[in-house]
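Results of the structural survey
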Amino acid sequence: MDEIIRAVTKDGFIKISAISGRNIVERARQFHNLSPVASAALGRTLCATSILGDLLKEEDATVTVRINGGGPIGSVIAVSDSSGNVRGYVQNPHIDLPLKANGKLDVGSAVGTMGTLTVSRDLGLKEPYIGSTALVSGEIAEDFTYYFVESEQVGAACGLGVLVDTDLSIRCAAGFIVALLPGAPNSLIDQIESNIAQMGPVTEVLKDGSADDLVRLVLAGLEPEVLSRRQVDYRCYCSRDRILRALESIGKEALDELAESGENAEVNCQFCNKIYTFTPDEIRAISTASE
Ligand code: ZN
């Protein structure tokens, strides 16, 4: 089971959330038949979005992350509920790119850098809270770090990683977001930076370890105290009713056209690929109801 751990240093200046997210990313891979580079791009985004969801205080709130970098993968979308349960998709799940010179998946080229990372928090009010920043590298962790600093004015560091096995399944997926509270002394910032540099890639830590090891290593020497642990999962909330409402929104004309084709209409959920089938009579009923 995947898990998010939240911890704080004894002096209260630094907070961290760390996730072990292998099962979430593996389910995403299976739902969407993701290529390795798509697994890495969506997997990193799902891990970060799950952490943001876990931090929401309102029960019915959701957070949506959209990354539009102009690269061949198209848009990367992830949505989390307020318990960190997350879902997502990419526009082009099968893209394949050469590895980078260092042998790593080239997420930056897949995502692109000509665009934005947008975080939208829907707290059940009239309008969602939306923040957006330009992409820095398309590698996602750096883009989130930049987002926190620029859009939310929080000193932060973010690490995200997905390791794809030779059979294309997900070997491990992990991430952390560490935030400095106002007034944190520079020496603490230096210490965190040096801890992160010494730790190396998050997937190396998670290969034989857990989210606890991420907390321990990022906050080494700072006496972290665990505040909460929560199990998280890939969770889609689609239903026939929701799909029906989406169908309504395409308009009477399009619905009538669909009904007159005489064939069943099949609608896929974007997040879990579940297929919902509607007969011409059902489509006609939706069209009538939308009048
Ligand atoms: Zn679904």
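Quick note: structure is the one above.
All figures in this text were calculated on a predicted structure; none of them were measured in a lab.

Quick look at the coordination of the zinc ion
- Note on the zinc ion: its protein donors are Cys-236 (SG), Cys-238 (SG), Cys-269 (SG) and Cys-272 (SG). The metal-donor distances range over 2.2 to 2.3 Å.
- One can describe the donor arrangement at the zinc ion as tetrahedral, given that its four donor atoms subtend angles of 103 to 118° at the metal.
- Counting gaps between the donor residues of the zinc ion yields the pattern C-x1-C-x30-C-x2-C.

A closer look at the sheet that holds strand S8 (residues 155-164)
- Judged by pairing direction, the sheet is antiparallel, and its five strands sit side by side in the order S8-S9-S2-S1-S10 without closing on themselves. If you trace the sheet from one side to the other, it starts and ends with S8 and strand S10 (224-232), each paired once. For this sheet, the mean inter-axis angle between neighbouring strands, taken without regard to orientation, is 10°.
- Pairing between strand S1 (residues 2-9) and S10: eight bridges, direction antiparallel. Following the sheet pairing, Thr-9 is matched in S10 by Pro-224.
- Strands S1, strand S2 (14-20), S8, strand S9 (170-180) and S10 of the sheet are contacted by helix H1 (residues 22-32), whose axis makes an angle of about 125° with S9.

Points about the pairing of S1
- A large share of S1 lies buried, amounting to six of its eight residues.
- Judged from the six bridges that link them, S1 and S2 form a sheet pairing that is antiparallel. The residue of S2 that forms the bridge with Glu-3 is Ser-20.
- Joining the antiparallel neighbours S1 and S2 is a turn of four residues, in which Gly-12 adopts a positive phi near 80°.

What about the packing of aromatic side chains?
- Scanning the model with the defined rule gives four aromatic pairs in all.
- Through successive ring pairs, a cluster of aromatic residues spans Phe-144, Tyr-147 and Phe-148.
- Here the guanidinium or amino end of Arg-87 rests over the ring plane of Phe-271, the centre of that ring lying 5.1 Å away.
- In this arrangement the basic side chain of Arg-240 is found over the ring face of Phe-278, its NZ or CZ atom lying 4.2 Å from the centre.

So, the environment of Asn-23
- Examined against the element boundaries, Asn-23 turns out to sit in helix H1.
- Overall, the relative accessible area of 27% leaves Asn-23 in the partly exposed class.
- It is 35 Å that separates the C-alpha atoms of Asn-23 and Pro-182, two residues lying 159 residues apart in sequence.
- If near-sequence neighbours (up to four positions away) are discounted, Asn-23 is found in contact with Met-1 and Asp-2.
- Here the side chain of Asn-23 touches Arg-22 through a polar contact of 3.2 Å, side chain to side chain.

Structural notes on the state of the cysteines
- According to the stated counting rule, one finds zero disulfides in the structure shown.
- Cys-172 provides the cysteine sulfur closest to Cys-47, a residue in no disulfide bond, and the two sulfurs are 9.6 Å apart.
- Given the relative accessible area of 2%, Cys-47 is considered buried.

What to know about the pattern of salt bridges
- All told, the structure shown has 16 salt bridges when counted by the stated rule.
- As a salt-bridge pair, Lys-252 and Asp-256 come within 3.5 Å of each other at their nearest N and O atoms. Of this pair, Lys-252 and Asp-256 both sit in helix H9 (residues 252-260), four residues apart, roughly one helical turn.
- Among the residues examined, Asp-256 registers a relative accessible area of 24% and is labelled partly exposed.
- A salt bridge links Asp-281 to Arg-284; the shortest N-O distance between them is 2.8 Å. Of the two residues, Asp-281 and Arg-284 are both situated in helix H10 (residues 280-289); the distance of three residues between them amounts to about one turn of the helix.
- Residue class for Asp-281 comes out exposed when judged on its relative accessible area of 57%.
- Taken together, the shared-partner salt bridges connect Glu-3, Asp-212 and Arg-229 into one network.

Here is what the cut-offs are and how they apply
- Residues numbered from 1 in each chain as written.
- Predicted model: local features only at pLDDT ≥ 70, side-chain atom pairs only at ≥ 80, totals over all residues.
- Heavy atoms only, no water.
- Donors = N, O, S within 2.8 Å, 3.2 Å for Na, K, Ca; no water.
- Tetrahedral: all angles 85-135°; square planar, octahedral: opposite > 155°, others 65-115°.
- Pairing = 2+ DSSP bridges.
- Helix = DSSP H or I, 4+ residues; strand = E, 2+ residues; numbered from the N terminus.
- Axes fitted to C-alpha atoms, helices over the stretch in contact; angles between N-to-C directions.
- Contact = heavy atoms within 4.5 Å.
- Buried < 20%, exposed > 50% of the residue type's maximum accessible area, 1.4 Å probe, protein only.
- Phe/Tyr/Trp six-rings, centres within 6.5 Å; stacked < 30°, edge-to-face > 60°.
- Lys NZ or Arg CZ within 6 Å of the ring centre and 35° of its normal.
- Polar contact = N/O pair within 3.5 Å; in protein donor to acceptor, adjacent residues only side chain to side chain.
- Disulfide = S-S within 2.5 Å.
- Salt bridge = Lys/Arg side-chain N within 4 Å of Asp/Glu carboxyl O.

Distances and angles like these do not, on their own, reveal function.
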